[in-house]
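Listed below, chain by chain, are the residues.
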Amino acid sequence: MAKNNIYINEVIDILDLDKNIEKILKDNQINKIEDLWILNRKKLKEFGLKDADIKQIVIKLQLLGLDLNKRVYN
C-alpha cells in the first residue's frame with residue numbers, strides 16, 4: 001500500500017492523545033504515526049490500552065485520513 005499521506009512520518013505528538021496513552025505507546029517504541037498506523041487493535045490491547053483508548057487513537061488517526069491496520073482514506 002502506498003504511503004501517500006503527509007502525516008505518516010510525523011511524531012505521534014501531533015495526535016494530541018491523552019498523556020497516559022502517549023506514554024504507553026512511547027514505552028513500546030511507537031514514536032511515529034507510521035509505527036502506530038501499521039498496528040491493529042489486538043496489538044494495542046497487548047500494550048495495555050483499553051477499548052476507550054484505542055477508540056481515541058482511531059478517531060485521531062481518522063482525522064488525518066488514516067486508520068489502524070495500514071488503511072488510508074482520501
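About the cut-offs
- Residues numbered from 1 in each chain as written.
- Predicted model: local features only at pLDDT ≥ 70, side-chain atom pairs only at ≥ 80, totals over all residues.
- Heavy atoms only, no water.
- Helix = DSSP H or I, 4+ residues; strand = E, 2+ residues; numbered from the N terminus.
- Expected span 1.5 Å × (residues − 1).
- Buried < 20%, exposed > 50% of the residue type's maximum accessible area, 1.4 Å probe, protein only.
- Contact = heavy atoms within 4.5 Å.
- pLDDT = per-residue confidence, 0-100.
- Arc of directions from axis to C-beta.

Enquirer: Looking at this structure, I do not really get helix α4 (residues 51-63). What am I missing?
Expert: Because an α-helix completes one turn every 3.6 residues, residues spaced three or four positions apart along the sequence face the same direction. The end-to-end C-alpha distance of α4, which contains 13 residues, comes to 18 Å, matching closely the 18 Å that a straight helix rising 1.5 Å per residue would cover. All of the buried residues along α4 are Asp53, Ile54, Gln56, Ile57, Val58 and Leu61. Elements that come into contact with the buried residues of α4 comprise α1 (19-27), α2 (33-37), α3 (41-46) and β1 (66-67).

Enquirer: Even after reading the chapter, I still don't get the confidence of the model for the chain, so can you show me in this structure?
Expert: Low-confidence regions, as indicated by low pLDDT, have predicted coordinates that should not be scrutinised in detail. Here the chain averages 93 in pLDDT, while 96% of its residues score no lower than 70. Within the chain, the element-level pLDDT minimum falls on strand β2 (residues 71-72), averaging 87, and the maximum on α1, averaging 97.

Enquirer: Sorry if this is basic, but what is going on with α1 here?
Expert: Taken together, the buried positions of α1 are occupied by Ile21, Glu22 and Leu25. Seen end-on, α1 carries its buried residues on one side only, within an arc spanning 100°. Of the residues in α1, the exposed ones pointing more than 90 degrees away from the buried face are Lys19 and Lys23. Those residues of α1 that are buried are in contact with α2, α3 and α4. The positive-phi residue at the C-terminal boundary of α1 is Gln29, with phi of around 60°.

Enquirer: I would appreciate a short explanation of the environment of Glu10 in the present structure.
Expert: You can see Glu10 is positioned in the segment before α1. What makes Glu10 partly exposed here is its relative accessible area of 36%. Considered as a pair, Glu10 and Leu68 are 58 residues apart in the sequence and their alpha carbons are 15 Å apart. Excluding its chain neighbours within four sequence positions, the residues that come into contact with Glu10 are Lys32 and Ile33.

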